[in-house]
Amino acid sequence: MTIRYGGDYNPEQWPREVWDEDVTLMQRGGVNLATVAVFSWARLEPRPGEYDFGWLDDVLDTLHAGGIRVDLATATASPPPWLAKLHPETLPVTEDGVRLAVGSRQQYCPSSPVYREHAKRLVERMVERYAGHPALELWHVNNEYGCHVSRCYCEVSAAAFRGWLEARYGTVEELNRAWGTAFWSQRYDAFDEVSPPSAAPSFRNPTQLLDFDRFSSDELLACYDAEVEVIRAGSDVPITTNFMGFFKPVDYWKWAPHVDVVSDDTYPDPADPLSTPYAAMVRDLMRSLGGGAPWLLMEQSPSAVNWRERNAAKAPGQMRAWSYQSVARGADGILFFQWRQSAAGSEKFHSGMVPHGGTDTRVWREIEQLGGELARLSGEGVGLEGSRVPSSVAIALDWDSWWAIEQPASPTSVAYLEVLFAWHHALTSLGLAVDFVRADGDLSAYRAVVAPAHFVASDAQVANLAAYAEGGGTLVVGFGTAIVDEHLHVRLGGYLGEPLRRTLGVWVEEFDPPAAPDLRATGGGEAPAVGLDGDVVGGSASGGTWAEVVRVEDAEVLATFTGGALAGAPAITRRATGRGGASGGGWYVATLPEPDALRRLAAAIVDAAGIELPEPIADGDAVEVVRRGGFVFAINHGAGPVSLRLAGADLLTGSEADGLELAPQGVAVVAVETTD
Ligand code: GLA
């Protein structure tokens, strides 16, 4: 096996003579995998039922002759205009009732049986024709499900939603109970009275909203599954579809078991200083979705994108540095959107591996360099690909909680992902590898598990978390957790509820965030932060924008709030639990400390959990250090050079790593002695 390297290849945008040059350049650039036909439906089926595969045969044969493998897309991501002309009802409708038009892409209603049938028919023909093609390495179903249209509110979707609800609840009484329709005269007498949560006069029913989120994710998955069924009937080549990092509309925990290999599209913004740690979190999610198995970075940009307000180019070396961040965090493939930068269409100003300026360009030189390096890293006896990233800490991630906590009329206005990111960043900046887990999953591999803002918690989830702590694990529960059950009914008798109340030795009486900023006084500044005091956060610190009234029953208070009505009240607590004795325990954190304080808190938690921090191999925070298999990756994201302290050979330069000076964006991949 080699590390995969390549990108989306759209030869139909170019004259035939360019294709041969493409293959020659791919060989020069170290490309070994091309994603083909992602947006080719209109070309493959120019008229209903009339297929034109000749050109695609030529593309696959030409790539094969050049030794380049193919990730063949099913081409169903963008139906041809004739589908909407024949079947206007396949066009999706927004929550405001607007039917979206052709002329862009992804203009299909996910619940449309007509769309699904036409898509399946095309996939059948693709499988018939290409299942046995020697270049075929991977099936790439559709593209970025839900990227533009993740929810459809048309009549067809409404009927499908009713069917989904009937299957979930059985009777309309049960639906009424789950949705709490005694409130605001929302009682339904029959399923056919129920609709998707389209634009409405005021707050829509929260459980209706959540169920529509779940339904919409499931409908997209059903589209994927329908294509997979067709492929599996005629091919045993592995199947993927490209995920989009932390993509709110689609519950990737549910999707992940349906793909043979997890693949991801990530476009960090070079202008955002937090892009690097945020991208690290995305890569960790991709590894976690596959249970630790290697994954593919299916798309990234060689330099600038064309869809931000300002499209910053990647700094020299940054594409390479971020690519190695993916490899370090478990990727066995680095691919791009796209091979050759388009000359026409909406994405012509999105960078490509072969830029408008051709090969005498920085972007091309960097592409060539990385391709050469990855080929060497895949060489005989190196053993990087397939290796795993060991981790003793995990963060619980939950799409239901993400959807529900960000609904209007929720107790916090805190963005779910920001809370997760704060914890992930605090833990990784200590040099730890961090996985994501489901709260009801197997937690036994971890010494510590953090459950921040896990707002929606089923009985199974709270029981699993509590059992983990009682069994000796270190459980950290952040504010906003276990407030409601899976129907969004409040867990009564004090927030947190049993069994977490017993495990943590605390419960929450009331939320009390600092008042919203007075815009006239602050000139529109930031929301005021609460103060914190406690050794565990390094003395006095800022506690961020959240606070609550914590009632301690059986826990040690490690930090208190300062200032205001909550002055002196508990903010961070810990109860030693179960078999873990001194190292196990249940922590409760009633706020989100500012980054430095959170990092100190994270250090105290991992210390109490008996997790040993790795020896720093460089001074300062600029170097990202990740251990994968028998290799340590060191990536310098800072502005100045940094020297390394690490014995072993750098596989990229062949030099001894100890004392090696890493330039900005510099990378070392060091083979180290390993005991695991
Ligand atoms: C997504 C899509 C690609 C392309 C890129 C541009 O990832 O899958 O087709 O549009 O965005 O960044």
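Residues numbered from 1 in each chain as written. Predicted model: local features only at pLDDT ≥ 70, side-chain atom pairs only at ≥ 80, totals over all residues. Heavy atoms only, no water.

Undergrad: I tried to follow the site of the ligand on my own but got confused; where do I start?
TA: Near the ligand, the surroundings consist of Phe39, Arg105, Asn143, Glu144, Asp265, Tyr267, Glu299, Trp307, Phe337, Glu347 and His350. Tyr267 is positioned with one of its side-chain polar atoms (N or O) 3.3 Å from an oxygen atom of the ligand. At 2.8 Å, a side-chain N or O of Trp307 approaches an oxygen atom of the ligand. Surface burial for the ligand is 96%, taken as the share of its 310 Å² of free accessible area covered by protein chains. Tallied by class, residues from the shell around the ligand come to 4 nonpolar, 2 polar and 5 charged. (Near = heavy atom within 4 Å. Polar contact = N/O pair within 3.5 Å; in protein donor to acceptor, adjacent residues only side chain to side chain. Areas by Shrake-Rupley, 256 points an atom, 1.4 Å probe, with all protein chains shown as cover. Nonpolar A, V, L, I, M, F, W, Y, C, P; charged D, E, K, R; others polar.)

Undergrad: Is there a simple way to explain the nonpolar core in this structure?
TA: Here is a general trend for soluble globular proteins: nonpolar side chains tend to be buried in one another's company. Counting residues in each nonpolar core, the largest one holds 175 residues, and the members touching the most others are Val36, Leu56, Leu72 and Trp423. Sequence-distant contacts of Leu72, that is, excluding residues within four places in its chain, are made with Val36, Ala37, Leu56, Leu60, Met126, Tyr130, Leu136, Leu138, Trp139 and His140. (Core = buried A, V, L, I, M, F, W, Y, C linked by side-chain atoms within 4.5 Å. Buried < 20%, exposed > 50% of the residue type's maximum accessible area, 1.4 Å probe, protein only. Contact = heavy atoms within 4.5 Å.)

Undergrad: It is not clear to me how the confidence of the model for the protein chain should be interpreted in this structure. Could you clarify?
TA: Should the pLDDT be low somewhere, the predicted coordinates at that spot are not to be read in detail. In this model, the protein chain carries a mean pLDDT of 95, and residues with pLDDT of at least 70 account for 97%. Within the protein chain, strand 5 (residues 239-240) carries the highest mean pLDDT (99), whereas helix 17 (residues 519-522) carries the lowest (52). (pLDDT = per-residue confidence, 0-100. Helix = DSSP H or I, 4+ residues; strand = E, 2+ residues; numbered from the N terminus.)

Undergrad: Can you help me understand the domain arrangement of the protein chain in this one?
TA: Many descriptions give the size of an interface as the accessible area lost when the pieces come together. As far as domains go, the protein chain holds domain 1 (4-154 + 209-377), domain 2 (393-608) and domain 3 (623-671). Facing 21 residues of domain 1, the contacting portion of domain 3 comprises 11 residues. Inspection of the region where domain 1 meets domain 3 yields 2 salt bridges. Notably, a salt bridge pairs Arg628 with Asp332, separated by 2.7 Å at the nearest N-O pair. Counting across the interface, domain 1 meets domain 3 through 5 residue pairs in polar contact (both at pLDDT 80 or more). Of all the secondary structure elements, the ones that give two or more residues to the side of domain 1 that touches domain 3 are helix 10 (275-289), helix 11 (318-328), strand 9 (331-336) and helix 12 (362-377). (Domains from an automatic or database assignment. Salt bridge = Lys/Arg side-chain N within 4 Å of Asp/Glu carboxyl O.)

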